[in-house]
Amino acid sequence: MSMQEYIDQAEQNLLHTYNRYQVILDRGEGVHLYDVNGKEYLDFVSGIAVFALGYGNREYNDALKAQIDKLIHTSNYYYNMPAIHAAKKLTEVSGMDRVFFTNSGAESIEGAIKAARKYAFLKDGSTDHEIIAMEHSFHGRTMGALSVTGNPKYREAFEPMIGHIRFAKMNDFESVSAQVTDKTCAIILETVQGEGGIYPAEEAFLKKIRALCDEKDILLILDEIQCGMGRTGTMFAWQRYGVKPDIMTTAKALGCGVPVGAFLMTEKVAQNSLVAGDHGTTYGGNPLACAAICKVLELFEKQNILANVNRVGAYLYDRLEEVAKEYDCIKAHRGVGLMQGLVFEQPVGDIIKRAMDLGLILINAGANIIRFVPSLVITEEDVDQMISILKEAIGK
Ligand SMILES: *Cc1c(COP(=O)(O)O)cnc(C)c1O
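Okay, so let's go over this structure. Given the structure is predicted, the values throughout are model-derived calculations rather than measurements.

1. A few points about the site of the ligand
Lining the immediate environment of the ligand, one finds Ser104, Gly105, Ala106, Phe138, His139, Gly140, Glu190, Asp223, Ile225, Gln226 and Lys252. Contacts to the ligand include Ala106, whose backbone N or O atom sits 2.7 Å from an oxygen atom. Calculation on the ligand without its partners gives an accessible area of 380 Å², and the protein chains cover 81% of this total. When grouped by side-chain class, the residues that make up the shell around the ligand number three nonpolar, five polar and three charged.

This is the structure:
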């Protein structure tokens, strides 16, 4: 059967919740992907900010294979060594005190919301606490995560959401403080908005939010699912601002392809929120997933990933600035490290399709923005190659 025939078959069986590109990817190597016909693609998506270490990292793959032969799953009624090591390493690199392992980003948000509500419940015994979230935010597709996602289109058909959520504008402190009441228990935001269009939080904004939270004992939840794990040049994006969250979520690159996430908190929140029986998951923190986390964090250090992000991220920034100046149809260029976006006047779907034909994988963020979230091991040469294909795809 041809690739197209397999795609047609897939469309008979899969629930149609994605408009997929007409390609079946088969294998990966470094920053390249290959489809079932053997065509090579330079990948500037990395599975949406997941494959930080690139495809086919030998040490990572071997660690997973060894763990598969040893023990894949036990349940959270017992301890396992990979989870013990992963918890220690992850709390060390984040500066947070305690971690709960989940299976995805959305689940990490669910846990963060539950922890914040429990914290507030223990203070006054009431259950009408409010959470402030940002417009244009994206926190996931489960009901709790969707409730704090600032895109009405994603929420509309699934109402009612969980209650008592208010929305404010990112980087507009007055719009946030205007939503604060004596029922506010948490403020949640992505340190750099991903899906919503690559909007970094401004330092002054984050600092004012932190001060507001301290003053009113409101918990600051920072969603680092996309912008964390080195993507902006520090291990977590908030670490460059000198502002620490009370609760942090992570996922995507945390396992580099093994489905895993986590929410972390300070000791103060841990001592005053979730206790035994309050939260759980069958798979979360299983030995296979945690072996992946351990190896990822080890390789981040060993391969000096952050240095590469800072160097190549700055190079990508300069090259994209050039492109933005060259084309009238590009209205803005935003982002930091290896998380950047070009804002176009028109929808970017056709440019992305042409790039794909030319052997470059790109992704949008909203209709008009091309988002660049490559593997964190890309080089300047990869950037140059991407830029030349991108220009050809934009055309004119
Ligand atoms: C992807 C993403 C999520 C959701 O993660 P899933 O693993 O898809 O559930 C939440 N928040 C942010 C910022 C994301 O980028």
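Further notes follow.
2. Structural notes on helix 3 (residues 58-70)
With 13 residues, helix 3 extends 18 Å from end C-alpha to end C-alpha; this agrees with the ideal 18 Å at 1.5 Å per step. For helix 3, every residue scored as buried is listed here: Tyr60, Ala63, Leu64 and Gln67. Relative to the axis of helix 3, the buried residues are bounded by an arc of 95 degrees and lie together on one face. Looking at the buried side of helix 3, the elements it contacts are helix 4 (81-94) and helix 11 (287-302). Looking at where helix 3 begins, the residue whose side-chain oxygen comes 3.2 Å from the main-chain nitrogen of Glu59 is Asn57.

3. Looking at the sheet that holds strand 5 (residues 130-134)
Judged by pairing direction, the sheet is mixed, and its seven strands sit side by side in the order 4-12-11-10-7-5-6 without closing on themselves. In this open sheet, the two strands that pair with only one neighbour each are strand 4 (98-102) and strand 6 (165-168). In this sheet, neighbouring strand axes are inclined to one another by 20 degrees on average, regardless of whether the strands run parallel or antiparallel. Note: strand 5 against strand 7 (residues 184-190), three bridges, orientation parallel.

4. Points about the pattern of salt bridges
For the structure shown, the criterion picks out 23 salt bridges. We note a salt bridge from Glu29 to Arg27, for which the minimum N-O separation is 3.3 Å. Glu29 sits in the partly exposed class, given a relative accessible area of 48%. For Arg27, a relative accessible area of 44% gives the class partly exposed. Notably, a salt bridge pairs Arg58 with Asp62, separated by 3.5 Å at the nearest N-O pair. One end of the pair is Arg58 and the other is Asp62, both in helix 3 and four residues apart, which spans about a single turn. Its relative accessible area of 38% is what places Asp62 among the partly exposed residues.

5. Quick word on the side chain of Asp223
Looking at the secondary structure, you find Asp223 in strand 10 (residues 219-223). Only 2.7 Å separates the side chain of Asp223 from the side chain of His139, close enough to count as a polar contact. Dropping the residues within four chain positions of it, Asp223 is found in contact with Ile109, Phe138, His139, Leu189, Glu190, Thr191 and Thr249.

Cut-offs and rules
Residues numbered from 1 in each chain as written. Predicted model: local features only at pLDDT ≥ 70, side-chain atom pairs only at ≥ 80, totals over all residues. Heavy atoms only, no water. Near = heavy atom within 4 Å. Polar contact = N/O pair within 3.5 Å; in protein donor to acceptor, adjacent residues only side chain to side chain. Areas by Shrake-Rupley, 256 points an atom, 1.4 Å probe, with all protein chains shown as cover. Nonpolar A, V, L, I, M, F, W, Y, C, P; charged D, E, K, R; others polar. Helix = DSSP H or I, 4+ residues; strand = E, 2+ residues; numbered from the N terminus. Expected span 1.5 Å × (residues − 1). Buried < 20%, exposed > 50% of the residue type's maximum accessible area, 1.4 Å probe, protein only. Arc of directions from axis to C-beta. Contact = heavy atoms within 4.5 Å. Pairing = 2+ DSSP bridges. Axes fitted to C-alpha atoms, helices over the stretch in contact; angles between N-to-C directions. Salt bridge = Lys/Arg side-chain N within 4 Å of Asp/Glu carboxyl O.

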